[in-house]
Every structure is written in structure tokens, then in C-alpha cells.
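# Structure assessment
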Amino acid sequence: MQLKPINQQVVSVVGASSGIGRITALEFARRGAKVVVSARSELKLKSLVEEIRGFGGEATFYVADVEVFEQVKAIADKTVEVYGRLDTWVHVAAIGIFATFDNTTPEEFKHVIDVNFLGQVYGAMAALPHLKREGRGALIHVSSMEGRRSLPYQSAYSAAKHGVEGFIEAMRVELQYEKWPISVTSVKPAVINTPFWNNGLTKLGVKPTGIPPYYDPKLVADAILYAAEHPTRDYLVGDVAKILDVLQRLSPSLVDSLLLLVGLDLQRTSEPKSEDAPNNFYQPVAEDDRVNGDYGNLVVPSVSDWLEKNPLLQWGAIAATLALAFLAAQAFKKEG
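In this report, we go over the structure that sits alongside the text. (Residues numbered from 1 in each chain as written. Predicted model: local features only at pLDDT ≥ 70, side-chain atom pairs only at ≥ 80, totals over all residues. Heavy atoms only, no water.)

## Quick notes on the overall build of the chain
Looking only at helices and strands, one finds 11 helices and 11 strands in the chain. A globule of 336 residues ought to have a C-alpha radius of gyration of about 20 Å, and the chain, at 21 Å, matches this closely. Summarising its shape, the C-alpha atoms of the chain cover approximately 75 × 50 × 40 Å along the three principal directions. In the chain, buried positions account for 52% of the 336 residues. Of the contacts formed within the chain by residues at least 6 apart in sequence, a portion of 76% connects residues at least 24 apart. Only carbon and sulfur atoms are counted for the fraction: they give 59% of the accessible area of the chain, which is about 15,300 Å². Within the chain, one finds 34 positive and 39 negative side-chain charges whose respective centroids are separated by 6 Å. (Helix = DSSP H or I, 4+ residues; strand = E, 2+ residues; numbered from the N terminus. Rg over C-alpha atoms; globule rule 2.2 N^0.38 Å. Buried < 20%, exposed > 50% of the residue type's maximum accessible area, 1.4 Å probe, protein only. Contact = heavy atoms within 4.5 Å. Areas by Shrake-Rupley, 256 points an atom, 1.4 Å probe, with all protein chains shown as cover. Lys, Arg positive; Asp, Glu negative; His and termini not counted. Charge placed at Lys NZ, Arg CZ, Asp CG, Glu CD.)

## Here's the deal with the pairing of strand β10 (residues 234-237)
Where burial is concerned, the two faces of β10 agree: the one with Asp234 and Leu236 and the one with Tyr235 and Val237 are both buried. As judged from the 4 bridges shared by strand β7 (residues 182-189) and β10, these two strands associate in the parallel manner. Counterpart to Ser186 in the pairing with β10 is Asp234. (Pairing = 2+ DSSP bridges.)

## Looking at the side chain of Glu27
Inspection of the secondary structure assignment puts Glu27 in helix α1 (residues 19-30). Side-chain polar atoms of Glu27 contact the side chain of Arg30, separated by 2.8 Å. The contacts of Glu27, once residues within four sequence positions are left out, are Lys218, Ala221 and Leu225. (Polar contact = N/O pair within 3.5 Å; in protein donor to acceptor, adjacent residues only side chain to side chain.)

## Examining the environment of Ser183
For Ser183, the position within the fold is in strand β7. You can call Ser183 buried: its relative accessible area is 4%. In contact with Ser183, not counting residues within four places along its chain, are Met1, Leu3, Gly137, Ala138, Leu139, Pro231 and Thr232.

## Re the packing of helix α8 (residues 239-250) against helix α9 (residues 252-263)
Between α8 and α9, the shortest axis-to-axis distance is 5 Å and the interhelical angle comes to 125 degrees. Compared by their axis directions, α8 and α9 come out oblique. Across from Leu244, Leu247, Gln248 and Leu250 in α8, the residues of α9 making contact are Pro252, Leu254, Val255 and Leu258. Split by residue class, the contact of α8 with α9 holds 7 nonpolar, 1 polar and no charged. (Axes fitted to C-alpha atoms, helices over the stretch in contact; angles between N-to-C directions. Parallel < 35°, antiparallel > 145°, perpendicular 65-115°, else oblique. Nonpolar A, V, L, I, M, F, W, Y, C, P; charged D, E, K, R; others polar.)

## Focus on the nonpolar core
Burial of nonpolar side chains together is a common tendency in soluble globular proteins. Grouped together as the largest cluster of nonpolar side chains are 40 residues, with contacts concentrated most on Val13, Phe28, Val35, Val37, Val90, Ile140 and Ile224. Elements with a minimum of two residues in this core: β1 (10-14), α1, β2 (34-39), α2 (42-54), β6 (137-142), α7 (217-229) and β10. By residue number, the principal contributor to this core is α7, which donates 7 residues. Beyond its immediate stretch of four places on either side in the chain, Phe28 contacts Ile6, Val11, Val13, Ala33, Val35, Val90, Ile224, Leu225 and Ala228. Ile75, Val112, Ala127 and Phe281 belong to the second-largest nonpolar core, a separate cluster that totals 34 residues. (Core = buried A, V, L, I, M, F, W, Y, C linked by side-chain atoms within 4.5 Å.)

## Overview of the environment of Ala127
Note that Ala127 resides in helix α4 (residues 106-134). The class of Ala127 is buried, set by a relative accessible area of 0%. In sequence terms Ala127 and Ile75 are 52 residues apart; their C-alpha atoms lie 8.9 Å from each other. In this view, Ala127 contacts Leu86, Trp89 and Leu139; residues no more than four positions away in its chain are not counted.

In C-alpha cells form, the structure reads like this:
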């Protein structure tokens, strides 16, 4: 399967008003792609398009709510109307609620599922006919490590991300069976420093935070751009994402114990925040179009992501590790 170079692509980024979606749209445009950005906030989309056009990029916007299939379909149709085709669909849009399961109402739980899960389903349904018409392309769904391992205080979000993993796995096999050259990627970030933590609805009584360390949003954008050119099944972003994935496979009960030890306390700051504080659960926070959130002091680099984009260095690191292990074994053997 061969995907077009980014500078020859038309890309639709859903959920582009801030955070991961915004930096992803900017990076696609900087690399020469024509970009259609969408979200609920016209004001933030306009500022994004102006920023892209300011450095000579091509972009247009479409205001849409991913809860409504007709509006999501209109994003894909608008992309084809403006630029003639669709090559890559990137679906980022998500909301969050921080609360214990028994303090989450049925309406709130359903709303998260409608946005974070069904929104992604609608995105794939809207994009696929255009990708098939083009004869190739990429569906890139920004999921989460919570699609592999659920976290306390985030039951609805975790459930939605598990749902995303379920439907794209089935869809991917169906496309392969029908021999469609369409790449389907699940990008699973660890904790990323975006306004997500600022804008979520909290019932914890305090401002929520992710379990540190945090990673830079550009790291996720880099993964998305990589998957737009290189067919990739799963892309775990951040060293911690890969470590947690391994631990969950080896011993879920061990991860339970770790979360009991630190997972709840580390998601609570000492800063009071009421349930009525401004949040984007039902309506966008108009003025917040930032890429980065408030936890830049907790951001760390990710060695594994750097190696993943440099296969020769990755194999070199593996070879060096094996060589060191062999030498260590020989040394212990001689010592014995």
C-alpha cells in the first residue's frame, strides 16, 4: 500500500480548534498539504485558517458537531467540494469528564460516548466513500492509551476509546479483505500537555491533571504525519504509553495495584475547581485555542518515538542492547 507524499495530499482534520488537532493541522499545512479544519467553534477555526494562510499554506474551515452524522458527512463533502478529493482523514475531536463512575449521570456518560466514540464512527463512515473513490488514502483515528487500559475518574472516556479500538479493528480487516488500499491507523497517545485538562468537566472539586509525565502535542502530530505517509496499524505515542501497554498485557492486576497506589491522587491538583467552572463539555470554550496546556513543566521527551521514526537507529539500539546483554551474560558466566 502506497500513500501520497504529504505535499500532494488533501487532509481533513476533525477537532482542530486546539491541542493535538490544531498542531496537526498546522504541521500538515507547513509540509504543503491542503487542509480542511473543523470543530464546533467558528472563532477558533478562523484564527487557525488565518495562521495557516499567514505562512503561505492552503486551508479552509467547516463548523460541525461530531455528534451529528449529517454534519460530519458535510465536512468530508466540503473537503471534496473545495479541493476535489480527500486523501487523509484525521479524527481528533474529544471531550472529557473527570468523576467517579457513580458520580457520572447517564446523560453525561452518553454524551462522551456520542462525541468520543460515535463521532469517530461517523468520521470513518463519512470519509470512506471519498477514499474509495480516490482509490487509496488514510484513516487516522486519535484514540488513547485508555483504549488499552482504562483509568479511574475517566470511565466514560476510557469506554469510548475502547469502542474506537473495536470498530476500527473490524473495519480494517474488512477493507483488507476487499483489497482496498486504505490505511487505518489508531494513534494512542500517553498523557499530552494540551488544554484537554483545563477544559474538561470536573466533579473532583479540584482542577484535574493527567498522570505525569506529560508529552508535547507535537509528538502526536509527528506520529499522525508519519502515518499519513507510511501505513501504520497502531502508533503508541510516548515512552509511558509503550510501557503501560506491556504491563497491561503481562499483568492487569499489577496495573490495578499501581493505579491504586498513585493513579487517583496524581489526577487531582490542589487547585479548587467547581463543576460550574467554564468547560467545553457541551459548548466550546471560545477563547481557548492554545496548542499547549498548563503542564509544560512536566513535559519530557520520548526516546521510543524518536527511534520509531528512525528504523536504522532503532535496530542499532536493539543490536546494542542484545550485545550488552550477551557480554553481561558472558561476564557472569566467567565470574561463576
